[in-house]
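One letter stands for each residue in the lines below.
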Amino acid sequence: MSVADDAAEEAATDGPTAVGVIGVGSMGRNHARVYRELADVELVGVADMDTEAAERVAREYGTVAYDTGDLLGVADAVSVAVPTGAHAPVLEQCIDAGVHALVEKPFVDDLAVGRELAARAEEADVTVQVGHIERFNPAVRTLLRILPNLDVLAVDARRLGPPTDRDLDGTVVSDLMIHDIDVISAITDARPGTLGATGAVDGDYATAQCVFEDGTVATFTASRVTRRKVRRLEITARECLVVVDYIAQTVEIHRSEVPEYIESGGTVRHRTESVVERPFVETGEPLKAELGAFIEAIREGTEPEVTMEDGLAAVEFVRQIEGLIGMEEEISARQEVTR
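## Some words on the side chain of lysine 105
Examined against the element boundaries, lysine 105 turns out to sit in the loop between strand 5 (100-104) and helix 6 (111-124). Lysine 105 sits in the buried class, given a relative accessible area of 12%. A polar side-chain atom of lysine 105 sits 2.5 Å from the main-chain carbonyl oxygen of aspartate 175. If we ignore the near neighbours within four places in the chain, the residues touching lysine 105 are His87, Gly131, His132, Ser174, Asp175, Ile178 and His179.

Pasting the structure below:
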């Protein structure tokens, strides 16, 4: 039995799963908060290169500040919320220690390194989930239940407005557009085919158009300069138009308009009435659903909902778009900073 198997069995039989957070910026701090709220989970510690920040978050959530190596010695599982350039070395430490990991998106900077880490994790029986949080948005989960009954023709994703609750990490494509790339890849379950892209405002505004191998046409727009925050996905199907609002966590299904004839004062008037269905969406915090699913995968020994292969596919798509836009210099500069 492997180290990871031992950890999973102990977590399942001897009490709460011991978890930690590596990287306590705005995202990592939220991971610590949510772990404290989950049942059958114990937040045993946090770690960060900024030891003062780690100690501050540890005090806030009633846990202990460690260095990374020591935290991996007491945790069954960790969230890795460090800058993207540090994902690979930290994940390597997790695998060597037999500790399961949820790694924030983008999974890795370097695809070859990511594939090697995926192979090592599988060999070591270490569960690795990639943090594509929109998969756990209640509106997206409702959408995925609707889609099997629809013949999807096209999708249009818009993610506009600067994220104000965290530090910016990467290009607008790897920071924002990647969310919709992952969701739409899950919707189509097909590989991207013909691809085009353009960018503006020093890389803070980007659009991309893709025809997937199954014929689905996808349009992506991402902006960190638009003043109004928009997180919206529209799916055009033969049967209807489906509109998803990620922020409001709502889904609307617009059916064909119904003609109606009304007699008024001896005159027959014609009007068209729209038919809009609003499926029930059980709203909730996506991060809590994401971390709950991660813990469940560990305890049950099942494949995580967002796999390393999913994470690598999203990064590969991002790199193709960045290459078409000409973001290579920005990518290179970012990698130099994080080394």
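## Quick word on the environment of valine 225
Following the sequence through the fold, valine 225 ends up in the loop between strand 10 (217-223) and strand 11 (230-237). Taking the C-alpha atoms as reference points, valine 225 and valine 172, separated by 53 residues in sequence, lie 10.0 Å from one another. The contact partners of valine 225, leaving out residues within four places of it in the chain, are Val201, Asp204 and Tyr205.

## Some details on the pattern of salt bridges
According to the stated counting rule, one finds 21 salt bridges in the structure shown. As a salt-bridge pair, glutamate 277 and arginine 255 come within 3.0 Å of each other at their nearest N and O atoms. With glutamate 277 in strand 14 (residues 267-277) and arginine 255 in strand 13 (residues 250-264), this residue pair connects regions lying 22 residues apart in the sequence. Of the residues examined, glutamate 277 reaches a relative accessible area of 32% and is grouped as partly exposed. Salt bridges linked by common partners bring Arg33, Glu37, Glu285 and Lys288 together as one network.

## Here's the deal with helix 10 (residues 308-325)
In this model, helix 10 (18 residues) spans 26 Å end to end at C-alpha, consistent with the 26 Å of a helix rising 1.5 Å per residue. By the burial criterion, the buried members of helix 10 are Met308, Gly311, Leu312, Ala314, Val315, Phe317, Val318, Ile321 and Glu322. Just past helix 10, the residue glycine 326 takes up positive phi, approximately 90°.

## Things to note about a negative patch on the surface
Taken together, the side chains of Glu122, Glu123, Asp125, Glu303 and Glu309 present a region of like negative charge at the surface. Its location among the elements puts aspartate 125 in the loop between helix 6 and strand 6 (128-131). Note on aspartate 125: relative accessible area 40%, which makes it partly exposed.

## What about the packing of aromatic side chains?
Tallying each qualifying case throughout the model produces two aromatic pairs. Ring plane angle 65° and centroid distance 6.1 Å describe the contact between phenylalanine 212 and phenylalanine 317, whose orientation is recorded as edge-to-face. Taken together, the positions of phenylalanine 212 in strand 9 (residues 205-212) and phenylalanine 317 in helix 10 put the pair 105 residues apart, joining distant regions of the chain. Residue phenylalanine 212 is classed as buried on the basis of its relative accessible area, which comes to 2%. Given the relative accessible area of 2%, phenylalanine 317 is considered buried. Measuring from ring centre to ring centre gives 5.8 Å for phenylalanine 220 and phenylalanine 317, while their planes differ by 80°; the resulting arrangement is edge-to-face. With a gap of 97 residues between them, phenylalanine 220 in strand 10 and phenylalanine 317 in helix 10 connect regions that are remote in the sequence. For phenylalanine 220, a relative accessible area of 0% corresponds to the buried category.

## Focus on helix 8 (residues 172-188)
In a regular helix each residue adds 1.5 Å, so 17 residues correspond to 24 Å; helix 8 covers 23 Å between its end C-alpha atoms and thus fits that length. A maximum bend of about 50° is found in helix 8 at isoleucine 178. Aspartate 189 sits one or two residues past helix 8 and shows a positive phi near 50°.

## Here's the deal with the packing of helix 6 against helix 10
Helix 10 packs onto helix 6 with a crossing angle of 175° between their chain directions and a minimal axis gap of 10 Å. If you check the angle between helix 6 and helix 10, you find them roughly antiparallel. On helix 10, the residues that touch Leu111, Gly114, Arg115, Leu117, Ala118 and Ala121 of helix 6 are Met308, Glu309, Leu312, Val315 and Glu316. Residue classes in the contact of helix 6 with helix 10 are distributed as seven nonpolar, one polar and three charged.

## Some points on the pairing of strand 11
Inspection of the sheet shows strand 7 (residues 152-160) paired to strand 11 by eight bridges, in the antiparallel sense. Counterpart to aspartate 156 in the pairing with strand 11 is glutamate 234. Sheet analysis places strand 11 next to strand 12 (residues 241-245), joined by five bridges and oriented antiparallel. Each bridged residue has a counterpart across the sheet, and for isoleucine 235 the counterpart in strand 12 is valine 242. Once strand 11 ends, the chain turns through three residues before running back antiparallel as strand 12.

## Comments concerning the sheet that holds strand 3 (residues 65-66)
Taken together, six strands build an open sheet; the order of strands is 3-2-1-4-5-6 and the sheet is parallel. Strands at the two margins of the open sheet, each flanked by one partner only, are strand 3 and strand 6. Of the strand pairs in this sheet, strand 1 (residues 17-22) and strand 4 (residues 77-80) are connected by four bridges, and their pairing is parallel. For isoleucine 22, the partnering residue across the bridge sits in strand 4 and is valine 80. Across the face of the sheet, helix 2 (residues 26-37) comes into contact with strand 1, strand 2 (41-47), strand 4 and strand 5 while running at roughly 165° to strand 1. Here helix 5 (residues 87-97) sits on the sheet and contacts strand 1, strand 4, strand 5 and strand 6; the angle it forms with strand 5, its principal contact strand, is near 170°.

What counts and what doesn't
- Residues numbered from 1 in each chain as written.
- Predicted model: local features only at pLDDT ≥ 70, side-chain atom pairs only at ≥ 80, totals over all residues.
- Heavy atoms only, no water.
- Helix = DSSP H or I, 4+ residues; strand = E, 2+ residues; numbered from the N terminus.
- Buried < 20%, exposed > 50% of the residue type's maximum accessible area, 1.4 Å probe, protein only.
- Polar contact = N/O pair within 3.5 Å; in protein donor to acceptor, adjacent residues only side chain to side chain.
- Contact = heavy atoms within 4.5 Å.
- Salt bridge = Lys/Arg side-chain N within 4 Å of Asp/Glu carboxyl O.
- Expected span 1.5 Å × (residues − 1).
- Patch = residues over 30% accessible without salt bridge, like charges linked within 9 Å, V, L, I, M, F, W, Y side chains within 5 Å.
- Areas by Shrake-Rupley, 256 points an atom, 1.4 Å probe, with all protein chains shown as cover.
- Lys, Arg positive; Asp, Glu negative; His and termini not counted.
- Charge placed at Lys NZ, Arg CZ, Asp CG, Glu CD.
- Phe/Tyr/Trp six-rings, centres within 6.5 Å; stacked < 30°, edge-to-face > 60°.
- Bend = angle between axes of the 7 residues up to and from the residue.
- Axes fitted to C-alpha atoms, helices over the stretch in contact; angles between N-to-C directions.
- Parallel < 35°, antiparallel > 145°, perpendicular 65-115°, else oblique.
- Nonpolar A, V, L, I, M, F, W, Y, C, P; charged D, E, K, R; others polar.
- Pairing = 2+ DSSP bridges.

Without other data, these values stay purely geometric and don't point to any function.
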